[in-house]
Amino acid sequence: RSHVLSDSSDPRGAIGITVTMPVNGWSGEPGGWTLETGPSGFDPPDGAGIIAFTVDKEFYVYGDPCEWKSTRPKKPASTVDDLAAALANQPSRNASAPEDITVDGYAGKKVTLHVPDDAVLSDCDEGNFATFGVAGEDPALYVQGPGEIDEIWIVDVNGRLAVLDGGYYAGTPQNSVDELHAILRSAIFD
């Protein structure tokens, strides 16, 4: 079944994204930019979720995900390569090297980030272990719990960035992780 993650008629200028979801188990408001599955949704220890960022072109990857307020860079990452490199270099995330991907015929990069299992989110700024901010929203992407694994898919859609975060945990059932990957690969950009 098709699900609209983001509607291109959004007055904020969003890139439209439609994905194919499994028949059961995943939920999200049409146009709401998020999907989740599991007994507790996106939360640990076994949840999974997807969040779409399709409006802002500039992403501010924090120098420290726990002390993000004081480590927001002055210059944003505004290209696929810049954003992938900034994410891959974020401290304490045990990041993968950026890997080439293609979604709906558009080129991009994927970076996998990890939250330390012993991270104490309440010790972080505003209780958030944060990945990045966007214009007017700090933080825009923050984790749900220790041990979270985030696959950040960054796609250049005709010069604009579409960023999809697929998150899960070591305890997430493999079928949910497989479904998450299938949903991400199914994205069609409008």
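As a reminder, the structure under discussion sits directly above these lines.
My aim in this report is to walk through the structure given alongside it, one point at a time. Source: prediction; values computed, not measured.

Conventions adopted
Here the residue numbering is sequential within each chain, running from 1 through the sequence in written order. Residue-level local features of this predicted model are given only where pLDDT is at least 70; pairs of side-chain atoms are given and counted only at 80 or more, and the full residue set underlies all totals for whole chains, interfaces and linings. As a convention, hydrogens and water are excluded, and side-chain values are obtained from all of the structure's heavy atoms. At least two bridges found by DSSP between two strands is the condition for calling them paired. Under the DSSP-based scheme used, a helix requires at least four consecutive residues in state H or I and a strand at least two consecutive residues in state E, with every element numbered from the N terminus. Helix axes use the C-alpha atoms of the stretch in contact, all axes being lines fitted to C-alpha atoms, and the angles between their N-to-C directions lie in the range 0 to 180 degrees. Whether two residues touch is decided by their heavy atoms; if any such pair falls within 4.5 Å, the residues are in contact. Aromatic pairing here means that ring centres of Phe, Tyr or Trp (its six-membered ring) are within 6.5 Å. Orientation follows from the plane angle: under 30 degrees is stacked, over 60 is edge-to-face, and everything else is tilted. Exposure classes here rest on a 1.4 Å probe applied to the protein chains alone. A residue is buried below 20% of its type maximum, exposed above 50%, and partly exposed in between. Ring-over charges, as used throughout, are those where CZ of Arg or NZ of Lys falls within 6 Å of the ring centre and within 35 degrees of the ring normal.

## Here we look at the sheet that holds strand E11 (residues 160-168)
Here is step 1 of the chain: Taken together, 6 strands build an open sheet; the order of strands is E3-E4-E11-E10-E7-E6 and the sheet is antiparallel. In the strand order of this sheet, the two ends are held by strand E3 (34-37) and strand E6 (99-103), each with one partner. Geometrically, the sheet is characterised by an average inter-axis angle of 20 degrees between neighbouring strands, direction not taken into account.
Here is step 2 of the chain: Note that strand E10 (residues 149-157) and E11 share 9 bridges and pair antiparallel. In the sheet register, valine 155 faces E11, and the bridge partner there is alanine 162.
Here is step 3 of the chain: Contacting strand E7 (106-114), E10 and E11, helix H1 (residues 80-88) crosses the sheet at an angle of about 10 degrees to E7.
Here is step 4 of the chain: Along the sheet, helix H2 (residues 174-185) makes contact with E3, strand E4 (48-53), E6, E10 and E11, crossing E11 at roughly 170 degrees.

## Some remarks on the packing of aromatic side chains
Here is step 1 of the chain: Considering all chains together, one arrives at 4 aromatic pairs under this definition.
Here is step 2 of the chain: Arranged with centres 5.1 Å apart and planes meeting at 90 degrees, the rings of phenylalanine 59 and phenylalanine 132 form a pair that is edge-to-face. Of the two residues, phenylalanine 59 is situated in strand E5 (residues 59-61) and phenylalanine 132 in strand E8 (residues 130-134); the sequence distance between them amounts to 73 residues. Accessibility assignment for this pair places phenylalanine 59 and phenylalanine 132 in one class, buried.
Here is step 3 of the chain: Judged by centre distance (5.6 Å) and plane angle (45 degrees), the rings of tyrosine 62 and tryptophan 68 are tilted.
Here is step 4 of the chain: Of the residues examined, tyrosine 62 reaches a relative accessible area of 1% and is grouped as buried.
Here is step 5 of the chain: An aromatic cluster is present here, built from Phe53, Phe59 and Phe132 joined pairwise through their rings.
Here is step 6 of the chain: Over the aromatic face of tyrosine 60 sits the side chain of arginine 72, whose NZ or CZ is 3.6 Å from the ring centroid.

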